[in-house]
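A look at the structure
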Amino acid sequence: MPVPHLDGGSAIASFWASVPTGVKEYYWAARTLYTEWWLWGSVVFVLVLEAVIPAVRRQKVFSRALLEDFGWLNLQTLFAVAALPAYVGVLQQAYTWVTGGHGVIAVMAAWPTWIKVAVSLLAADFLTYVHHRVRHTGIFWHFHAIHHSQRELNQFTDLRLHFVDILVAYTVLTIPMFALRIAPAEILAIGFLMAAYSRFEHSNVRATFGPLGYVFVSPQFHRIHHSIELRHQDRNFGNIFSIWDRLFGTLYAATDEYPETGVVGMDFSTTGPVRAIARQLVDPFRRIMSGSNATADRAPREDRLPAD
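Description of the structure in this document. (Residues numbered from 1 in each chain as written. Predicted model: local features only at pLDDT ≥ 70, side-chain atom pairs only at ≥ 80, totals over all residues. Heavy atoms only, no water.)

Mapped onto the elements, Y252 comes out in the loop between α11 (243-248) and α12 (273-289). The spatial distance from the C-alpha of Y252 to the C-alpha of R235 is 5.9 Å, given a sequence separation of 17 residues. Excluding residues that lie within four positions of it along the chain, Y252 makes contacts with I224, R231, H232, R235, N236 and E257. (Helix = DSSP H or I, 4+ residues; strand = E, 2+ residues; numbered from the N terminus. Contact = heavy atoms within 4.5 Å.)

Have a look at this one:
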C-alpha cells in the first residue's frame, strides 16, 4: 500500500515522517474505510432496501447485530493490512518454489482486459464455491460456524469471519489465481465486485431476482444457506453465480422461504458487541480443545421462530 507524503516543515509533517510505515498503513486503511463515498453510498442503499422490503419484518434496520458485525468490518480491515499481504506472499513464494512460477493459462496474457476480468471472475467465483464447501467440513466448520451464528443477517455479516476461516479461504482461492497469472489490477477489480455483492446478498432484503435467480445469487438464495433448518443446510454455496450449485447438486431451489438463521447451540447476542466478538474469536478453539463434534450443531433448534 503506498504511503502518502506530507510536504512542508510543519510539526504535523515532522510527526508524520517519524511514524513507522506499518502504522501509516493502518491509518490509511482506516481512512479509506471511513471516507470512501462508494462504501457509505452502498451502505445507505442497502439500509433503505431493508426498511422498504425486509426479508424478516420484525428485524430492526439499526440493530445490535448490525453494530456487532460492523465491529467485524473494522477487525477485517486491520487484519487485511497486518497479515493477509504477508500470508499471500508466503503462498506465492511456495507456489513459485513448487512450480517454478509457471502459469497454466499463459495465453490469457494476450486477451483484452474485459475478457480476462470476466473469465477470472467466473474462475474466482467457482473457487469461492469450492473453498466455501471445504469450510463446511471437519475442523474447518468450527471456524466458519462463527459466520453462520448470526441470527439477524445484515450487510456486514459477510465480514463476520474468523481469521483462521479467512486464511483457509485465501489458501484455496489464491493459489489457482497464481496459476491463472491474473494481474494485480484485475484481482482488485474482481475482489471489489465480489465483496460488494457479498454484502448485498447477506442483507435483510426480500429479493429473489426472478428469472435472473437461475444465474445469480439473491439475498433469498443465500438466506437459505444460512438457515438453521436441517433441510437447508449444506445448500446454496454460491457467492455471485448460482450455476455451481445447480451443476454440483447443492441447490435448494425454493424461492418463497425466508427461514430463521443461525447455528444451534451458538448464540452470542446475550452479551455486548465487543465481548461477543471476543467470544467468537475464542469459541472455535474452545470447541476443538473440548473435543466437540464439528457436525453436532448442524441440527435445527427446538425453539426456532417463524420468519415473520
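It is worth spelling out the nonpolar core at this point. By size, the foremost hydrophobic cluster in this structure holds 16 residues, and its most contacted members are L121, A124, M194 and I240. At the level of secondary structure, the elements contributing two or more residues to this core comprise α6 (113-134), α8 (163-180) and α9 (184-201). At four residues, the largest contribution of residues to this core is made by α6. Not counting the four nearest positions on each side in its chain, M194 is found in contact with L121, A124, D125, T128, N239 and I240. (Core = buried A, V, L, I, M, F, W, Y, C linked by side-chain atoms within 4.5 Å. Buried < 20%, exposed > 50% of the residue type's maximum accessible area, 1.4 Å probe, protein only.)

What follows deals with the side chain of S149. Note that S149 resides in the loop between α7 (140-148) and α8. Engagement of the side chain of S149 in a polar contact is seen with the side chain of R160, the distance being 3.0 Å. Beyond its immediate stretch of four places on either side in the chain, S149 contacts R160, G262, V263, M266 and F268. (Polar contact = N/O pair within 3.5 Å; in protein donor to acceptor, adjacent residues only side chain to side chain.)

A separate point is the packing of aromatic side chains. Inspection of the entire model under this criterion finds eleven aromatic pairs. Every member of this aromatic cluster is reached through a ring pair, and the members are F126, Y129, F237, W244 and F248. R206 extends its terminal NZ or CZ atom over the ring of Y258, reaching a point 4.1 Å from the ring centre. (Phe/Tyr/Trp six-rings, centres within 6.5 Å; stacked < 30°, edge-to-face > 60°. Lys NZ or Arg CZ within 6 Å of the ring centre and 35° of its normal.)

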